[in-house]
Amino acid sequence: MNELLLFATRLARETGAIVQGWQRRGITIETKSSTIDLVTEADRAADAQIVRAIRHHWPTHDLLTEEGGAEQRGSRWRWIVDPLDGTTNFAQAIPHYSISIALEKAGELQLGVVYDPVRDELFSALRGDGAWLDAPWGRVPLRVSRATALENAVVATGFPYDKATSERNNVAEFSRVVRRLRGIPRMGSAALDLAYVAAGRLDGYWEYALSPWDMAAGALLVREAGGVVHSVDGSAWSLQSPSILAANPAFAPTLRQALLGNG
Ligand code: IPD
Ligand code: CA
Ligand code: CA
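A brief structural summary.

The rules behind each value
Residues numbered from 1 in each chain as written. Chains lettered and ligands numbered in written order. Predicted model: local features only at pLDDT ≥ 70, side-chain atom pairs only at ≥ 80, totals over all residues. Heavy atoms only, no water. Donors = N, O, S within 2.8 Å, 3.2 Å for Na, K, Ca; no water. Buried < 20%, exposed > 50% of the residue type's maximum accessible area, 1.4 Å probe, protein only. Helix = DSSP H or I, 4+ residues; strand = E, 2+ residues; numbered from the N terminus. Pairing = 2+ DSSP bridges. Axes fitted to C-alpha atoms, helices over the stretch in contact; angles between N-to-C directions. Contact = heavy atoms within 4.5 Å.

## So, the coordination of the calcium ion (ligand 2)
The protein atoms donating to the calcium ion (ligand 2) are Asp82 (OD), Asp85 (OD) and Asp214 (OD), with metal-donor distances spanning 2.1 to 2.2 Å. Between the calcium ion (ligand 2) and the calcium ion (ligand 3), a spacing of 3.7 Å is present, and a bridge between the two is formed by Asp82. Here the two residues Asp82 and Asp85 agree in accessibility, since each one is buried.

Below you can see the structure in the form of structure tokens.
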């Protein structure tokens, strides 16, 4: 296996064990940008573990982690990490959250790992080399679904932490499609939502106002599994994009038009 991918998968699993330890022991919950934007000791401990490991093995690489911020060393390589994606679920003991680790080189995503420590499912992708799921029951390649019609599609989404005050809160888009889709789960981990699109478990996913660490690994997973990733308005997606839509290539235009109220 690629040395960097092997490092990232091991690190995701080790961090998963730390997170699960905090889940068993119990956590104190604090708030960040608003009363609904939470952080726990598990988020901080997971972040610190990942930063320590990257600094030890790849001391010259740049870093961006949710709890640790950006560290620039003038490298072409940059790790982009969400140490615990799905903190609201984690804080409520809802068993659906993940660790997301991505690596880019000169602005291009090279690898992505999303690890679900509850189910022990590890989703990984290497640029140009496909995407895989390693689960307790075996290893399978990831492939996006073949759904093409809204009524046959299960599409996940999420709502931003400033939804009470922001007009860009996804409520209008949600209302436009909720009656037309087979199902519309709000599962609470953007990284796992994207991994599930890659695995064909979800037919699509969209969300606004995410951060680079929410999207980086999952976006590469979707692309390497044969899916497309762009902004909700159809423009090219980047880590800075204010929205993301992921689906199989045949279904993405249908979902986009429906969300925008054009189809
Ligand atoms: C959040 C989750 C959630 C999404 C939020 C994210 P966090 O990340 O990915 O699914 O709807 O927008 O901020 O705060 O749990 O790392
Ligand atoms: Ca997140
Ligand atoms: Ca997080």
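## Details of helix α5 (residues 190-198)
Of all the 9 residues making up α5, 9 are buried; the element is thus mostly covered by neighbouring parts of the structure. Along α5, the residues that are buried comprise Ala190, Ala191, Leu192, Asp193, Leu194, Ala195, Tyr196, Val197 and Ala198. Backbone geometry just downstream of α5 places Gly200 in the positive-phi region, at approximately 75 degrees.

## Considering the sheet that holds strand β8 (residues 121-126)
Backbone-to-backbone hydrogen bonds join strands into a sheet, with any given pair of strands oriented parallel or antiparallel. If you walk across this open sheet you meet the 8 strands as β4-β3-β5-β6-β7-β8-β9-β10, and the pairing is mixed. Each edge of the open sheet carries a strand with a single partner, namely β4 (69-71) and β10 (138-141). Going across the sheet, the axis of each strand differs from the next one's by a mean of 15 degrees, ignoring polarity. Against the sheet, helix α1 (residues 3-25) contacts β5 (77-85), β6 (98-105), β7 (108-116), β8 and β9 (131-135), and its axis sits at roughly 30 degrees relative to β7. The strands touched by α5 within the sheet are β5, β6, β7 and β8, with β7 carrying the most contacts at an inclination of about 100 degrees.

## Let's talk about the coordination of the calcium ion (ligand 3)
All of the protein donors around the calcium ion (ligand 3) are Glu66 (OE), Asp82 (OD), Asp82 (OD) and Leu84 (O); their distances to the metal are 2.2 to 3.1 Å. For the calcium ion (ligand 3), all donor residues lie on one chain, and their spacing in sequence is E-x15-D-x1-L. For Asp82, a relative accessible area of 1% corresponds to the buried category. Accessibility expressed as a relative area gives 1% for Leu84, which makes it buried.

## Thoughts on the sheet that holds strand β12 (residues 204-208)
Judged by pairing direction, the sheet is mixed, and its 4 strands sit side by side in the order β11-β12-β14-β13 without closing on themselves. With one partner strand each, in any of the chains shown, β11 (155-157) and β13 (228-230) form the two edges of the open sheet. On average, each strand axis in the sheet is inclined to that of its neighbour by 10 degrees, with strand direction left out of account. In terms of strand pairing, β12 meets strand β14 (residues 243-247) through 5 bridges, oriented antiparallel.

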